[in-house]
Amino acid sequence: MPHSSGGGSHGGGSHGGSHGSGSRGHRTSHTYFPGSTRYAYYHKGRIEYYYRDAEYTENDLKDKTKTRLITALVLAVFYAFFIIAIAGSTINIPRKLKMDYKDTSISISDGKELLSEDELVRIGDSFSEFQDKTGITPVLLIIDNSEWMGHYSSLENYAYEYYVQRWDDEKHWLIVYSTDSNQEWEDWHWEGMQGDDTDNILTTKRTNDFREAFQKGLLQDRQPFADSFLDAFNSLSDVCMEVSFEPMALIAIPFILLHATLFFYGLIFGAKKNEEKARNSVKLEKDVQYVEDTCKWCGGLYIHGIHLSCPHCGGTIDPLGEPINVTSPESLIR
Ligand SMILES: [Zn+2]
């Protein structure tokens with residue numbers, strides 16, 4: 001079959017590839033807009049007519065592919081950092097605090113004479129062990145309710161002031177227990193006050209567990225103060241240096257992955273579709289009446305006069321049977 005060996009025209013000049021035109025707009029529309037050219041897109045045996053503001057050349061397509069790859073890469077790095085940041089925030093790795101602060105003396109101050117010799121020793125041993133592991137200095141303070149009631153709005157305020165007046169570091173854990181020692185209905189209170197540097201070890205989860213265990217010992221199990229306190233404290237001490245996970249934040253990850261997938265899908269397949277459309281389109285001249293016909297091989301629609309073979313199946317095209325639409329002078333001469 002014959003094929004073109006190049007061309008040009010007097011009025012139209014000659015045509016070649018375009019360079020550096022990747023940033024030109026590629027607006028497409030089903031209706032005419034100023035500066036647009038009509039195209040016919042062959043797809044699944046049909047013709048879709050649309051308007052495009054710039055010619056799609058192979059160079060444009062290559063530039064677009066490059067831009068897309070760079071965009072995809074930048075986004076992939078962004079998504080990866082996002083996921084790593086979230087995953088990182090869910091993992092807590094406690095590290096022993098440096099004991100570089102002034103007052104590292106463990107103290108148990110029993111203003112109510114609640115503790116026996118033996119209990120004092122047991123609590124002291126637990127505190128020492130905890131301090132060796134964590135670098136946090138624990139302090140237990142047992143007071144009468146009258147120490148703070150009427151002077152402070154809450155035991156928390158009392159504990160806060162107690163802490164900041166004694167220590168200028170953030171590495172202590174003060175536990176204040178206050179009671180009236182009433183035998184019938186004991187009005188006890190307690191409050192923990194931890195320095196900021198202890199947060200990685202005394203996490204919210206662990207101090208919540210401590211609180212629950214301590215309360216349970218005092219209320220439900222009706223244990224003496226020392227047993228309740230030691231059970232709760234030792235349970236915390238046993239696990240406080242373990243790596244812990246807060247899996248709740250991980251819930252966000254599937255959503256991020258879904259978002260990323262949709263984004264990449266759109267970026268790659270959306271653009272691929274556009275490219276496919278551009279490659280399978282033919283430019284239509286203005287003011288020309290085109291005649292549609294049906295391919296005898298595949299039944300697909302095509303436009304007469306601009307193809308050498310069927311744009312759908314590649315089959316040979318018959319010339320128009322009756323030259324009714326052809327009004328050029330050449331055909332009249334023939
Ligand atoms: Zn065909």
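Being a predicted model, the structure only gives us computed values, none of them experimental.

What follows concerns the overall build of the protein. Of the regular secondary structure elements, the protein holds seven helices and twelve strands. Counting all 334 residues of the protein, 17% fall into the buried class. Considering only intrachain contacts with a sequence separation of at least 6, the fraction spanning at least 24 residues in the protein is 62%.

The next subject is the pairing of strand E5 (residues 107-110). In the sheet, E5 pairs with strand E6 (residues 137-144) via four bridges, with the strands oriented parallel. Directly across from Ser 107, in E6, lies its bridge partner Val 139. Between the parallel pair E5 and E6, the chain is carried across by helix H2 (residues 117-134), and the sense of this crossover is left-handed.

With that settled, consider the sheet that holds strand E3 (residues 46-52). Read across the sheet, four strands follow the order E1-E3-E2-E10 without closing on themselves; strand pairing throughout is antiparallel. The open sheet has two edge strands, strand E1 (28-29) and strand E10 (281-283), and neither has a second partner. In this structure, strand E2 (residues 37-43) lies alongside E3, joined through seven bridges in antiparallel fashion. Within E3, the position partnered with Arg 38 by the bridge is Tyr 51.

Backbone geometry places Lys 44, a non-glycine residue, at a positive phi of 50°. Within the secondary structure, Lys 44 is located in the loop between E2 and E3. Take Lys 44: there are 7 C-beta atoms within 10 Å of it, and that puts it in the exposed class. In this structure, Ser 181 takes a positive phi of about 55° despite not being glycine. Mapped onto the fold, Ser 181 is located in the loop between strand E7 (172-179) and strand E8 (189-194). Given 12 C-beta atoms within 10 Å, Ser 181 falls into the exposed group.

A few words now on the packing of helix H4 (residues 204-219) against helix H5 (residues 225-239). Two elements in contact, H4 and H5, have axes whose closest approach is 8 Å; the angle formed by their N-to-C orientations is 155°. Considered as vectors, H4 and H5 are oriented roughly antiparallel to each other. Between H4 and H5 lies a crossing of right-handed hand. Counted together, Arg 206, Asp 209, Phe 210, Ala 213, Phe 214, Gly 217 and Leu 218 of H4 and Asp 227, Ser 228, Phe 229, Asp 231, Ala 232, Ser 235 and Leu 236 of H5 form the full contact between these two elements.

Quick look at the sheet that holds E8 now. Sheet strands line up and pair through hydrogen bonds in the backbone, either parallel or antiparallel. Strand order in the open sheet made by the four strands is E5-E6-E7-E8, with mixed pairing throughout. This sheet does not close on itself; its edge strands, each paired only once, are E5 and E8. Each neighbouring strand pair of the sheet contributes to a mean axis angle of 10°, computed without reference to strand direction. Pairing analysis gives six bridges linking E7 to E8, with the strands arranged antiparallel. Bridge pairing in E8 links Leu 174 to Met 193. Strands E5 and E6 of the sheet are contacted by H2, whose axis makes an angle of about 145° with E6.

With that out of the way, let us pick up the packing of H2 against H5. Axis separation between H2 and H5 bottoms out at 11 Å; the angle between their running directions is 15°. As far as their axial angle goes, H5 and H2 are roughly parallel. Crossing hand, H2 versus H5: left-handed. In this structure, H2 contributes Glu 119, Arg 122, Ile 123, Ser 126, Glu 129 and Phe 130 to the contact, and H5 contributes Ala 226, Leu 230, Phe 233, Asn 234 and Ser 237.

Counting 33 residues, the largest nonpolar core has Leu 141, Ala 159, Leu 174, Ile 175 and Val 176 as its most contacted members. Going through the elements one at a time, H2, E6, helix H3 (155-166), E7, E8, H4 and H5 are the ones with two or more residues in this core. Broken down by element, this core gets its largest block of residues, six residues, from H5. What Val 176 contacts, discounting residues up to four positions off in sequence, is Leu 141, Ile 143, Leu 155, Tyr 158, Ala 159, Tyr 162, Trp 190 and Glu 191. Judged by nonpolar contacts, the second largest core, of six residues, contains Tyr 39, Ala 40, Cys 295 and Tyr 302.

What follows covers the environment of Cys 298. Turning to its location among the elements, Cys 298 is positioned in the loop between strand E11 (292-294) and strand E12 (301-303). Accessibility expressed as a C-beta count within 10 Å gives 14 for Cys 298, which makes it partly exposed. Once the C-alpha coordinates of Cys 298 and Cys 313 are considered, the two residues, 15 residues apart in sequence, prove to be 6.4 Å apart. Residue contacts for Cys 298: discarding those within four places in its chain leaves Gly 45, Cys 310, His 312, Cys 313 and Gly 315.

Both E1 and E3 contribute to a ladder of two bridges, which runs antiparallel. If you follow Ser 29 over to E3, its bridge partner there is Tyr 51. What sits between E2 and E3 in their antiparallel hairpin is a turn of two residues, with Lys 44 showing a positive phi close to 50°.

Thresholds applied
Each chain carries its own residue numbering, running from 1 in the written order of its sequence. Residues qualify for local features only when their pLDDT is at least 70, as the model is predicted, and side-chain atom pairs are given and counted only at 80 or more; totals for whole chains, interfaces and linings, by contrast, use all residues. Each helix is a run of DSSP H or I of at least 4 residues and each strand a run of E of at least 2, with the numbering of both proceeding from the N terminus. With C-beta atoms placed from the backbone, a residue counts as buried when 20 or more other C-beta atoms lie within 10 Å of its own, as exposed when 12 or fewer do, and as partly exposed for counts between those limits. Distance between backbone-placed C-beta atoms decides contact: two residues are in contact if it is within 7 Å. Pairing between strands requires that DSSP locate at least two bridges from one strand to the other. Here the term right-handed applies to a crossover when the path leading from its first strand over the helix to its second strand runs clockwise, the strands being oriented away from the viewer. Angles here are taken between N-to-C directions and fall from 0 to 180 degrees, while the axes themselves are lines fitted to C-alpha atoms, restricted in helices to the stretch in contact. In what follows, roughly perpendicular refers to angles from 65 to 115 degrees, roughly parallel to angles under 35, roughly antiparallel to angles over 145, and oblique to any angle outside these ranges. Crossing handedness follows the turn of the near helix against the far one: under a right angle anticlockwise gives a left-handed crossing, and clockwise gives a right-handed one. By definition, a nonpolar core groups buried Ala, Val, Leu, Ile, Met, Phe, Trp, Tyr and Cys residues that are joined through C-beta atoms within 7 Å.

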